[in-house]
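What the coordinates show
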Amino acid sequence: MSENKTQKYQILSRVKIGSEYFAPEDGEALFMDLDDRVGQSLVEQGAAKIVVEKVAKVAEKDADKSDKK
Amino acid sequence: MSRIIQFQGQRAAESHLDNVQLNIDPIVTELVLGQPGPGEMPGARILKSVTAPAWNFQYRQNDLNRLKRFDTERGMRQPIKTGDFRYSMVSASLKRFSFGTLRDVDELQNAHPSLGLREACGRFSKTIVDMDLERRRRDLLVTAGNYDTGNTLAISAGSEWDSAGGDSKSDIRAMLAVISGKTGLRYNQISVFLSDKSLQAALEDPIFNATRSNWTADTADEQALQRYWGSGPVWSMNPVEADDNGVVSPMYGDVAILYYNSGIAGVDTMDGDLTFACDFKYNGGVASKPFYNDLVTSWMFPWTAYDYPAITTNFSGALITNCAA
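Residues numbered from 1 in each chain as written. Chains lettered and ligands numbered in written order. Predicted model: local features only at pLDDT ≥ 70, side-chain atom pairs only at ≥ 80, totals over all residues.

1. Section: the overall build of chain B
Operational definition: Counting from the N terminus, the helices are DSSP H or I runs at least four residues long and the strands are E runs at least two residues long. Counting other C-beta atoms within 10 Å of each residue's C-beta, where C-beta atoms are placed from the backbone, gives the exposure class: buried for 20 or more, exposed for 12 or fewer, partly exposed between. Any residue pair is listed as a contact if its two C-beta atoms, each placed from the backbone, are within 7 Å.
Helices and strands together make up the secondary structure of chain B, namely nine helices and 15 strands. Taking all 325 residues of chain B together, the buried fraction comes to 32%. Sequence-distant contacts in chain B: of pairs separated by 6 or more residues, those separated by 24 or more amount to 78%.

Structure, rendered in structure tokens:
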């Protein structure tokens, strides 16, 4: 059996993953690395969203450029 | 009895008999009236309607203030500070709706009474109104954002009730605990509505079935689930709707809705019923005279709605989504 791809998701409300329940605490963000099939099913229900880390990557590139100089 | 028959707003004949004598065929050319017959709607059973007393009205919304401690002794000695006891008030406005019947006035008036065309048109229009109201209630009930924080549960792929990792008892009781913790309601006071898809998934719950199969081969039912979950009454309905392409689908997908409803219309109890502040008046069949439009020769079937799209006591209900694989 091939290994499923995992991605980082932000959990927005109470969810059930496997036999466990997870919910973000008040004022805190909850992030989880989830199997895509599991994560996508939560996204479809509006209970999670994929975390896109574009800003961090741009910052890394800028840092590389400044190092070269 | 003589009846006036009109054509394009002009008086054509006084009676069916005259009509025949004038060589005008009084029978309509086509009579196709399908009725979906939706019967009782689940949304109407879950959400109490609220009778609107006036054009502009205010609807009270109970919040957690009802559970807090107030200084009642102070109230004995001086005028009660009504500010402490106020309800959150929201206002709604009157909207008017109307539907044509697919038949114009001439068809209705010329049709022979034995065809019951008027009544059939009336029922058809009422069905349209009923379905429209049910869609509004459905949209309120299946939108997670309409529930209090923590009163929703999204089941991920692989944990649906009819999958290998399914455990409906754990899920239902988790949400019963949430509602009970916020309202003081006991578990057996909280009802559970299941769409048909969710009901069938619950009946395939592997843990439930494994324990049951030791003593019976019968398929379980809603009552068995109620005893298994320790909840209030469990019930199911399966209203369907059709899109513009004629594709029929269940209105409630695969959700489970937990709710409390005292069943007393127009009364908000201390327990915090789920309510739906939409009230409408339907004139009960063929339109009355003010709604007959001479200019377009059409009968209107008007109804009015006090449209307030919100669940007012959102902590006494809970929503579970993706119950079925």
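2. Concerning the overall build of chain A
For chain A, the count of helices and strands is two helices and five strands. For chain A, the succession of helices and strands along the chain, N to C, is β-β-β-β-α-β-α. For chain A, buried positions account for 23% of its 69 residues. In chain A, the share of contacts with a sequence separation of at least 24, taken over all contacts with a separation of at least 6, comes to 61%.

3. Focus: the sheet that holds strand β8 (residues 234-237) of chain B
What counts here: Strands are labelled as partners when DSSP assigns at least two bridges between them. What counts as an axis is a line fitted to C-alpha atoms, over the stretch in contact for a helix, and the angles between N-to-C directions run from 0 to 180 degrees.
Read from one edge of the open sheet, seven strands run β3(A)-β2(A)-β6(B)-β15(B)-β11(B)-β7(B)-β8(B), paired in mixed fashion. The sheet is open, and its two borders are formed by β3 (20-22) of chain A together with β8 of chain B, each paired with just one other strand. Averaged over all adjacent pairs, the angle separating strand axes in this sheet is 20°, with direction ignored. Alignment of strand β7 (residues 191-195) of chain B against β8(B), held across four bridges, turns out to be parallel. Within the sheet, the bridge partner assigned to Ser195(B) lies in β8(B) and is Met237(B).

4. Considerations on unusual backbone geometry
Residues and elements named next belong to chain B. One non-glycine residue, Asn322, adopts positive backbone phi at about 60°. By the element assignment, Asn322 lies in the segment after β15 (318-321). The buried category is assigned to Asn322, around which 26 C-beta atoms lie within 10 Å.

5. Digging into helix α1 (residues 36-44) of chain A
How we decide: What the arc covers is the set of directions going from the helix axis to the C-beta atoms.
Looking at α1(A), one finds that the buried residues are Val38(A), Gly39(A), Ser41(A) and Leu42(A). Projected down its long axis, α1(A) carries its buried residues within an arc of 160°, all on one side. Close packing links the buried residues of α1(A) with β1 (6-11), β2 (15-17), β4 (30-35) and β5 (48-50) of chain A together with β6 (152-155) of chain B.

6. Observations regarding the interface of chain A and chain B
Applied cut-off: Charged residues are taken to be Asp, Glu, Lys and Arg, nonpolar residues to be Ala, Val, Leu, Ile, Met, Phe, Trp, Tyr, Cys and Pro, and polar residues to be all remaining types, Gly included.
Between chain A and chain B, the contact holds 16 residues from the first and 16 residues from the second. For the side of chain A that touches chain B, the secondary structure elements donating two or more residues are β2 and α1 of chain A. If you tally residues by element for the side of chain A that touches chain B, the top one is α1(A), at four residues. Its residues placed into classes, the side of chain A that touches chain B shows seven nonpolar, six polar and three charged. In this sheet, β6(B) lies alongside β2(A) in parallel orientation, the contact comprising two bridges. Bridging from a neighbouring strand, Lys16(A) pairs with Ile155(B) of β6(B).

7. Things to note about the pairing of β1(A)
Residues and elements named next belong to chain A. In terms of strand pairing, β1 meets β4 through six bridges, oriented antiparallel. Bridged to Tyr9 within β4 is Met32. By the bridge criterion, three bridges tie β1 to β5 in an arrangement that is antiparallel. Bridge pairing in β5 links Ile11 to Ala48.

8. Here we look at the nonpolar core
Residues and elements named next belong to chain B. What counts is decided by this rule: Working definition: the nonpolar core is a set of buried Ala, Val, Leu, Ile, Met, Phe, Trp, Tyr and Cys residues, joined through C-beta atoms within 7 Å.
By size, the foremost hydrophobic cluster in this structure holds 49 residues, and its most contacted members are Met175, Ala256, Ile257, Leu258, Ala318, Ile320 and Cys323. At five residues, helix α6 (residues 168-183) tops the list of elements feeding residues into this core. What Ala256 contacts, discounting residues up to four positions off in sequence, is Val192, Leu194, Ser198, Ile320 and Cys323.

9. Details of the sheet that holds β4(A)
Residue and element names in this part refer to chain A. Spatially, three strands are ordered β4-β1-β5 in an open sheet, and the strand pairing comes out antiparallel. The sheet is open, and its two edges are formed by β4 and β5, each paired on a single side. On average, adjacent strands in this sheet sit at an angle of 40° to one another, irrespective of strand direction. Strands in contact with α1 are β1, β4 and β5; relative to β4, the strand with the most contacts, it is inclined by about 125°.

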